[in-house]
Amino acid sequence: MSRRALICSVLSICLVLITWLTGMAPAVAMGGPQVPIGEPAPAFTLPTNAGDGEISLADYQGQWVVLYFYPKDFTSGCTLEAQRFQRDFAQYQARNAQILGVSADDVDSHAEFCDSEGLEFPLLSDPKGQVSKAYGSWLGAMSLRHTYIIDPEGVMRARFLGVSPPIHSQEVLGALDELQGVDG
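Starting afresh in each chain, residues are numbered from 1 along the sequence in its written order. Given that this is a predicted model, residues contribute local features only at a pLDDT of at least 70 and side-chain atom pairs are listed and counted only at 80 or more, while totals for whole chains, interfaces and linings are drawn from all residues. Hydrogens and water molecules were not included; the side-chain quantities draw on all heavy atoms of the structure.

Trainee: Please explain the nonpolar core as it appears in this structure.
Mentor: Side chains of nonpolar character tend, in soluble globular proteins, to be buried together. Note on terminology: a nonpolar core comprises buried Ala, Val, Leu, Ile, Met, Phe, Trp, Tyr and Cys residues joined through side-chain atoms within 4.5 Å. Type-normalised accessible area, obtained with a 1.4 Å probe on protein chains alone, sets the label of each residue: buried when under 20%, exposed when over 50%, and partly exposed for intermediate values. One finds Tyr-68, Phe-85, Tyr-92, Ile-99, Phe-121, Leu-123 and Ile-149 to be the most contacted residues of the largest nonpolar core, which totals 24 residues. Where this core is concerned, the elements lending two or more residues are strand 5 (64-69), helix 2 (76-87), helix 3 (89-94), strand 6 (97-103), helix 4 (107-117), strand 11 (156-160) and helix 6 (165-180). Considering each element in turn, this core owes the most residues, four residues, to helix 6. Ignoring any residue separated from it by four or fewer positions in sequence, one finds Phe-85 in contact with Val-66, Tyr-68, Tyr-92, Ile-99, Phe-121, His-168, Ser-169 and Val-172. Counting residues in hydrophobic clusters, the runner-up holds 18 residues, among them Ala-41, Ile-55, Leu-100 and Val-102. Here a helix means four or more residues in a row that DSSP labels H or I, a strand means two or more in a row labelled E, and each is numbered from the N terminus. Two residues qualify as a contact provided that any one of their heavy atoms is within 4.5 Å of a heavy atom in the partner residue.

Trainee: For this particular structure, what's the right way to read the packing of aromatic side chains?
Mentor: The geometry of an aromatic ring pair comes down to the distance between the two centres and the angle between the two planes. Pairing of aromatic side chains requires ring centres within 6.5 Å, counting the rings of Phe and Tyr and the six-membered ring of Trp. Pairs whose planes differ by under 30 degrees are stacked, by over 60 edge-to-face, and all others tilted. Inspection of the entire model under this criterion finds 12 aromatic pairs. Geometrically, the ring pair formed by Tyr-68 and Phe-121 is edge-to-face, given 6.1 Å between the ring centres and 70° between the ring planes. One end of the pair, Tyr-68, is in strand 5; the other, Phe-121, is in the loop between helix 4 and strand 7 (123-125), with 53 residues separating them in the sequence. Connected via pairs of aromatic rings, a cluster forms that spans Tyr-68, Tyr-70, Phe-74, Phe-85, Phe-89, Tyr-92, Phe-113 and Phe-121.

Trainee: Looking at this structure, how should I read the pairing of strand 10 (residues 146-150)?
Mentor: A regular strand places its side chains so that they alternate between the two faces of the sheet. In terms of residue burial, strand 10 counts as a mostly covered element, since five of its five residues are buried. Burial of the side chains of strand 10 extends over both faces: His-146, Tyr-148 and Ile-150 are buried on one face and Thr-147 and Ile-149 on the other. At least two DSSP bridges between two strands are required for those strands to pair. Bridge count between strand 5 and strand 10: five bridges; the pairing is antiparallel. Looking at strand 10, one finds that Phe-69 is bridged to His-146. Of the pairings in the sheet, the one linking strand 10 to strand 11 comprises four bridges and is antiparallel in character. Bridge pairing in strand 11 links Ile-149 to Ala-158. The antiparallel pairing of strand 10 with strand 11 creates a hairpin that spans five residues between the two strands, and Gly-154 there sits at a positive phi of about 85°.

Trainee: Is there a simple way to think about the confidence of the model for the protein in this case?
Mentor: Detailed reading of the predicted coordinates is not advisable wherever pLDDT falls low. Values of pLDDT, which run from 0 to 100, indicate the predictor's confidence residue by residue. When pLDDT is averaged along the protein, the result is 88; 84% of the residues meet or exceed 70. Predicted confidence for residues 22-26 stays below pLDDT 50, and this span has zero contacts to residues more than four positions away or in other chains.

Trainee: Where do I start with the sheet that holds strand 5 in this structure?
Mentor: Paired through their backbone hydrogen bonds, the strands of a sheet run either parallel or antiparallel. Taking strand neighbours across the sheet as the criterion, the five strands line up as 7-6-5-10-11 in an open arrangement whose pairing is mixed. Here the strands that pair on one side only, and so sit at the sheet edges, are strand 7 and strand 11. Ignoring strand direction, the axes of neighbouring strands in this sheet form an average angle of 20°. Lines fitted to C-alpha atoms define the axes, with helix axes restricted to the stretch in contact, and inter-axis angles between N-to-C directions lie between 0 and 180 degrees. Against the sheet, helix 4 touches strand 6 and strand 7, its axis set at about 165° to strand 7.

Below, the structure is given as structure tokens:
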């Protein structure tokens, strides 16, 4: 066997092994391993600017939850994304869905951001990224722009990892309609 044929054979074997191994691995995105669709969503309790000061996923048992992670209050993309969710808030309520935003910003920043943008849904503070990490949405010192749809029983039903803030809320509403069996 020639040297060239040997190298080609070794490379082919490596490619087959890599393909086989990655096909067996759980979904991974920038930010970490993703919760598999159809599995229970990680439970959490985080401080918030709204209500009694803390929110847990369990508080929304019986409701759909749109859990969106974002990098930072008051930045252009995050502001646009939040504005679009707020614009469509009544449509989420009509679908028995609660929007929850999560970032590493503190509760005071969230309160200012909500006041500034007229946001009627809660923002949760995850300064150490514990919840963001559990959902595979943490990079360095901030949450990534990922969104998850969790059903009324607490099961992960959809995820969005490549989010475009101007159109994202409409994408999520479409996915909710699909998951709920609503004709659009």
